[in-house]
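Summary of structural features
Residue strings, one per chain:
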Amino acid sequence: MTLNRRDFVKSAAGIAAASTAGIAGCMGLASAETGTLSTRVSDRPGDIDDFESCLVTLSTIRIKPTDGEVKSFDVGETEVDLVDLQGDASALVDDVEVETGTYEYLQLEVGGTDATLTDGSDATVEVPGSAPLKFEKPFDIRADESTTFTADFTPVKAGNAGKYVLQPVAKEVTVTYESEETTTTETNTDETTTSE
């Protein structure tokens, strides 16, 4: 097929426009801004004094953006001992790179527990409904900054059968934003926190 000059110019312009759009699209994906989500866990008042040790294995972090689907991050088998995390102590679960934006909540998937009471006997510690622990504290991920989300939960005795359940402590959930210039801390004091 032979193109005259006018058809050739129109065809070349179309190809150039399509190529430019494709490059712009790739550049847009490549330049998506991200920040760091540092997830930590702590243990505040509950029935933790009953325990010699309360090992909790965490497997997954889930976060829900306000305008998108839940994002999951595999953290392997991160084990923490809640007995060691009382007061102001906390333990790092993982640091992950996340796209900037506002997120509605954070969930922690518990892979297992292994607990011993102060009298040396084994304790049964469960997650209600075998669901992830859900911390309904909104937070932001800001470009080139670190957001530290400290999820607080504790074992609470369930009835008289010697069983315990892990429950989030809503008023102790904290979010801290850190950059080279400023550090701000926001503490959740009035929101309810559930597991589902």
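Refer to the preceding data block for the structure.
The model shown is predicted, which means the values in this text are computed figures rather than measured ones.

Overview of the pattern of salt bridges
- Tallied over the full model, the rule gives 6 salt bridges.
- Across the pair Asp152 and Arg44 runs a salt bridge whose closest N-O atoms are separated by 3.6 Å. Of this pair, Asp152 sits in strand S9 (residues 146–158) while Arg44 sits in the loop between strand S1 (34–42) and strand S2 (51–65), and the two are 108 residues apart along the sequence.
- The partly exposed category is assigned to Arg44, whose relative accessible area is 23%.
- For Arg62, the salt bridge identified is with Glu109, shortest N-O distance 2.7 Å. Taken together, the residues Arg62 in strand S2 and Glu109 in strand S5 (residues 101–117) connect sequence positions 47 residues apart.
- If you follow the salt bridges from partner to partner, you end up with Arg44, Asp88, Asp152 and Glu172 in one network.

Focus: the packing of aromatic side chains
- Scanning the model with the defined rule gives 4 aromatic pairs in all.
- Pairing Phe135 with Phe153 gives two aromatic rings, centres 6.4 Å apart and planes at 50 degrees, and the pair type is tilted. You can see Phe135 sitting in strand S7 (residues 133–135) and its partner Phe153 sitting in strand S9, a full 18 residues away along the chain. One exposure class covers both Phe135 and Phe153, and it is buried.
- Put simply, the rings of Tyr103, Phe139 and Phe149 touch in pairs and so form one group of aromatic residues.

Calculation notes
- Residues numbered from 1 in each chain as written.
- Predicted model: local features only at pLDDT ≥ 70, side-chain atom pairs only at ≥ 80, totals over all residues.
- Heavy atoms only, no water.
- Salt bridge = Lys/Arg side-chain N within 4 Å of Asp/Glu carboxyl O.
- Helix = DSSP H or I, 4+ residues; strand = E, 2+ residues; numbered from the N terminus.
- Buried < 20%, exposed > 50% of the residue type's maximum accessible area, 1.4 Å probe, protein only.
- Phe/Tyr/Trp six-rings, centres within 6.5 Å; stacked < 30°, edge-to-face > 60°.

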